[in-house]
Amino acid sequence: MNAVATIAGREIRDALRNRWVVAATLVLCVFALSLAFLGSAPTGTVAASPLAVTAVSLSSLTIFLIPLIALLLSYDAVLGEIDRGTMALLLTYPVARWEVIVGKFLGHVAVLAFATLVGYGAAGLALWLTSESADPHAWQAFGAMVGSSVLLGAAFVALGYLVNTLVRDRGTAAGVAVGIWLVLVLVYDMALLGGLVADQGRFLTPGVLNWLLLLNPADAYRLFNLAGLSDVSTFSGLGGLSEQVRISPATLILALAAWAVLPLLLAILLFARKPV
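K.L.:
What should I look at first to understand the overall build of the chain in this one?
P.N.:
Within the chain one finds 13 helices and zero strands. Listed by position from the N terminus, the elements making up the chain come as α-α-α-α-α-α-α-α-α-α-α-α-α. Looking at the chain residue by residue over its 276 residues, the buried ones come to 48%. Taking all contacts inside the chain whose residues are at least 6 apart in sequence as the whole, residues at least 24 apart take part in 84%. Here the chain displays about 13,100 Å² of accessible surface, and carbon together with sulfur accounts for 70% of that area.

This is how it looks when you write it as structure tokens:
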């Protein structure tokens with residue numbers, strides 16, 4: 001485990017040197033603060049907690065932004081080192097190949113977690129300082145949103161590592177990473193909605209719909225934050241969907257965790273046979 005911690009620390013230092021930590025933190029902080037103050041402005045007319053509305057707004061933002069940042073962090077994590085020749089040098093040390101993948105993965109997840117906690121935490125702090133009262137249930141929903149955002153990022157970092165072990169060059173890896181983001185974040189839901197409209201409930205029953213939603217980490221995250229938590233589902237407009245699909249929050253979190261673990265395990269197996 002010392003090797004894993006050492007490699008993770010090196011990835012964090014590289015991210016600091018390349019300004020990845022600063023850039024990701026600033027982007028998330030700017031968007032989070034903007035949504036916190038602009039998105040919660042009309043809450044007085046609907047008797048909604050500003051924090052609950054901000055949690056909904058940040059959840060919608062996270063679905064698009066966190067996966068993109070995660071894939072940009074990881075799309076060339078292995079291939080970049082192979083091209084530079086540093087991977088061959090690293091493997092001459094007494095370190096197993098699985099330790100390389102796990103260490104780099106943990107380093108990138110730590111970078112993403114730091115950026116998420118600081119960026120979204122700034123929005124939470126600003127609302128705490130400016131709000132007259134604090135709703136414990138809204139704070140719980142906000143904390144669950146931040147934690148599940150990190151888990152969503154870990155899932156897409158793992159997908160980035162899987163791409164690294166499947167393709168042979170960085171250009172292809174970049175193209176595949178963009179394709180993954182487009183399919184899982186944009187195309188999948190549009191195709192699913194079109195299928196539901198065309199099917200009219202003949203084959204896409206609620207049970208089938210449950211599985212189809214769990215097959216996309218972005219949908220699992222969306223349902224957990226926008227429909228699975230009763231405190232914010234009223235403001236998200238997905239309360240009816242939550243009742244229809246009937247997926248518990250625990251199941252959605254397990255699905256997100258599986259999306260982080262399974263691609264990473266496949267990446268470890270493929271990297272064990274990948275020429276360096």
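There is more to say, and it comes next.
K.L.:
Would you explain the layout of surface pockets in this entry?
P.N.:
Any empty space left between the atoms is revealed when a probe the size of a water molecule rolls over them. Looking at the largest pocket, its volume works out to about 280 Å³. In terms of lining residues, the largest pocket is bounded by 13 residues, among which Glu11, Asp14, Asn18, Asp76 and His108 are the most central. Broken down by element, the lining of the largest pocket gets its largest block of residues, three residues, from helix H1 (residues 2–17). Classifying every residue of the lining of the largest pocket gives five nonpolar, two polar and six charged.

K.L.:
I would appreciate a short explanation of the pattern of salt bridges in the present structure.
P.N.:
Note on pairing: side chains with opposite charge can pair once their charged atoms come close. For the structure shown, the criterion picks out eight salt bridges. Residue Glu81 pairs with Arg10 through a salt bridge whose shortest N-O separation is 2.3 Å. Of this pair, Glu81 sits in helix H4 (residues 79–84) while Arg10 is found in helix H1, placing the two residues 71 residues apart along the sequence. With relative accessibility at 24%, the residue Arg10 sits in the partly exposed group. For Asp76, the salt bridge is made with Arg170, and the minimal N-O distance between the two is 2.8 Å. With a gap of 94 residues between them, Asp76 in the loop between helix H3 (50–74) and H4 and Arg170 in helix H8 (residues 170–199) connect regions that are remote in the sequence. When its relative accessible area of 15% is taken as the criterion, Asp76 is described as buried.

So, how was this worked out
- Along each chain, numbering runs from 1 in the same order as the chain's sequence is written.
- Reporting in this predicted model follows two pLDDT cut-offs: at least 70 for local features of residues, and 80 or more for side-chain atom pairs to be given and counted; totals over whole chains, interfaces and linings ignore these cut-offs and use all residues.
- Values reported for side chains reflect all heavy atoms of the structure, with hydrogen atoms and water molecules removed beforehand.
- Strands here are runs of E lasting at least two residues and helices are runs of H or I lasting at least four, both read from the DSSP assignment and numbered beginning at the N terminus.
- For every residue, the accessible area (1.4 Å probe, protein chains only) is compared with the maximum for its type, and the residue is labelled buried under 20%, exposed over 50%, or partly exposed between those bounds.
- Note on definitions: a residue-residue contact is assigned when non-hydrogen atoms from the two residues lie within 4.5 Å.
- Using a 1.4 Å probe, the Shrake-Rupley method yields the accessible areas, and only the shown protein chains count as cover for residues.
- In this analysis a 1.4 Å probe is tested at points of a 1 Å grid over the protein atoms alone, and where it fits but cannot get out there is a cavity; an open set with protein on both sides within 12 Å along at least five of seven lines is a pocket; lining residues have an atom within 4 Å of a point.
- Grid points are joined across faces, edges and corners, and a volume is the space filled by probe spheres set on the points.
- Any residue outside Ala, Val, Leu, Ile, Met, Phe, Trp, Tyr, Cys, Pro, Asp, Glu, Lys and Arg is labelled polar, Gly included; the first ten of those are nonpolar and the last four are charged.
- A pairing counts as a salt bridge when a side-chain nitrogen of Lys or Arg comes within 4 Å of a carboxyl oxygen of Asp or Glu.

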